[in-house]
Amino acid sequence: MAQNPVCKMMSVKSSAPFKLFSKILLGWYNANQRPLPWRKTQDPYAIWLSEIMLQQTQVATVIPYYHRFLKLFPDIKSIANAPEQDLLQAWAGLGYYNRIRQFQKAAQKIAFKWQGRIPSTKEELQTLPGLGDYTAAAVASIAFCEPVAVVDGNVMRVLSRLFCYSEDISKAAAKKYFQEKALSLLDPKNPGDFNQAMMELGATLCTPQKPKCLLCPVQKFCKARNQANPENFPVKLKKTTYVNEQLVAFVFQQNDAFFLRKRTTKEIMPGMWEFPLLPCPILKNSPSLKTIQNLIAKNHWPASLNSLIKPLKPIRHTIMNRRLKIFPFLLKTKKENKVQKNSIWISKRKLSLLPLTTITKKIQENL
Ligand code: SF4
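Residues numbered from 1 in each chain as written. Predicted model: local features only at pLDDT ≥ 70, side-chain atom pairs only at ≥ 80, totals over all residues. Heavy atoms only, no water.

(A) Just the overall build of the protein, in detail. The helix and strand inventory of the protein stands at 15 helices and 8 strands. Viewed in the frame of its principal axes, the protein has a C-alpha envelope of about 75 × 50 × 35 Å. A burial count over the protein gives 49% of its 367 residues as buried. Restricting to contacts in the protein with at least 6 residues of sequence separation, those with at least 24 account for 70%. (Helix = DSSP H or I, 4+ residues; strand = E, 2+ residues; numbered from the N terminus. Buried < 20%, exposed > 50% of the residue type's maximum accessible area, 1.4 Å probe, protein only. Contact = heavy atoms within 4.5 Å.)

(B) Summary view of helix α12 (residues 191-204). If you check α12, its first and last C-alpha atoms are 20 Å apart, about what 14 residues at 1.5 Å a residue would give, namely 20 Å. Most of α12 is tucked away, with 12 of its 14 residues classed as buried. Looking at α12, one finds that the buried residues are P191, G192, D193, F194, N195, Q196, A197, M198, M199, E200, L201 and G202. (Expected span 1.5 Å × (residues − 1).)

(C) Just the pairing of strand β2 (residues 257-262), in detail. In terms of strand pairing, strand β1 (residues 243-254) meets β2 through 2 bridges, oriented antiparallel. Pairing of Q254 across the sheet is with A257, part of β2. Connecting β1 to the antiparallel partner β2 that follows it, the hairpin turn spans 2 residues, and N255 within it adopts a positive phi of roughly 50 degrees. Alignment of β2 against strand β8 (residues 343-347), held across 5 bridges, turns out to be antiparallel. Residue pairing across strands places L260 opposite I344, the latter belonging to β8. Examined bridge by bridge, β2 and strand β3 (residues 273-274) share 2 bridges and lie antiparallel to one another. The partner of R261 across the bridge, within β3, is E274. (Pairing = 2+ DSSP bridges.)

(D) Representation of the packing of aromatic side chains in the model. Under the definition given, this model contains 13 aromatic pairs. When the centroid spacing of 6.0 Å and the interplanar angle of 25 degrees are considered together, the rings of Y45 and F103 count as stacked. Here Y45 is found in helix α3 (residues 44-54), whereas its partner F103 is found in helix α7 (residues 98-113), with 58 residues between them in sequence. By the burial criterion, Y45 is buried, and F103 matches it. Centre to centre, the rings of Y177 and F178 are 5.5 Å apart; their planes meet at 75 degrees, and the pair counts as edge-to-face. Taking the relative accessible area as the measure of exposure, Y177 reaches 23% and is therefore partly exposed. One aromatic cluster in this structure is built from F250, F252, F259 and W345. (Phe/Tyr/Trp six-rings, centres within 6.5 Å; stacked < 30°, edge-to-face > 60°.)

(E) Representation of unusual backbone geometry within the structure. Omega for the peptide link from F233 to P234 comes to -5 degrees, which places this bond in the cis form. In this fold, P234 is placed in the loop between α13 (223-226) and β1. In the Ramachandran plot, Q56 falls in the positive-phi region, its phi being about 65 degrees despite a non-glycine side chain. By the secondary structure assignment, Q56 is in the loop between α3 and α4 (59-72). With a phi close to 50 degrees, Q115 is a non-glycine residue in the positive phi region. Among the structural elements, Q115 can be located in the loop between α7 and α8 (122-125).

Quick look at the structure:
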């Protein structure tokens, strides 16, 4: 079985007996892992970047961002020195923008405190902004071969099924339980691959619905499989409750130029640019033109002299527990209006130069 070259160099020693479980799981992982770009590198910076991007974002979405980001910002120094607008623009569309801000703060701390060398232990990594238990363990084990266990949502699901863990997984006791179980199974000689194998198993076979137990390499160890009820695990008593909201988006246009506002530091996603948005009551159909005119007049927006109002295709977007339905309206204005603070008139061609919110990007696709 191939061993991570960093682990080989470090000659990690362990008194723990080698577990059959780990051996089988790693064999399966070596033969079946998806060829993801961050698995082809030993560069701690690139591994760390991938872990930050993968938080709350699907693998398929992350891949093009990962390549583009590494080209623009290939190392700690380039991130530490980058203007925030450049970082936000490169991140635009990935969501959860606090991740990139924290990533930059961490890079600045590394440049200052460790002369650009990324710390190699979970303990040191956790002193950096934005690196919690999970990310610190992932970077320490994958990039530096530290024998620490990673527990994310996928791993929790696998472990809860392997051991038929019947308590609520949102409780603090569950986190401790899964940490201990993951550590007890971990192959200390190959912790990075082991951790990735557990996550890969959760992502590809031990899925929330219809797990592919017949293909699972560790099925003989799995209590839930033996009881024929894997989908009963993990136990989650508190379900996420979603709130439905509706918004109107105002797409002001003067000739080739569009009006955008910059989100303030008091809002989520500060520094991102968007077509102005306003909440509107939950409606079955698109708001009436009269409602739109009233909203524009109340907000003193530049197109109070609008000559044409055209509804665009409604879009849907989910942010955390908010399910949004957005009704965009194109408002063609007749003459140049004064630019307000934190706003800009910009040509369609140059829109992509700004860090745009995902909602704005979705609307832009229909222009
Ligand atoms: Fe998951 Fe099924 Fe494998 Fe058990 S046997 S770990 S439920 S995929």
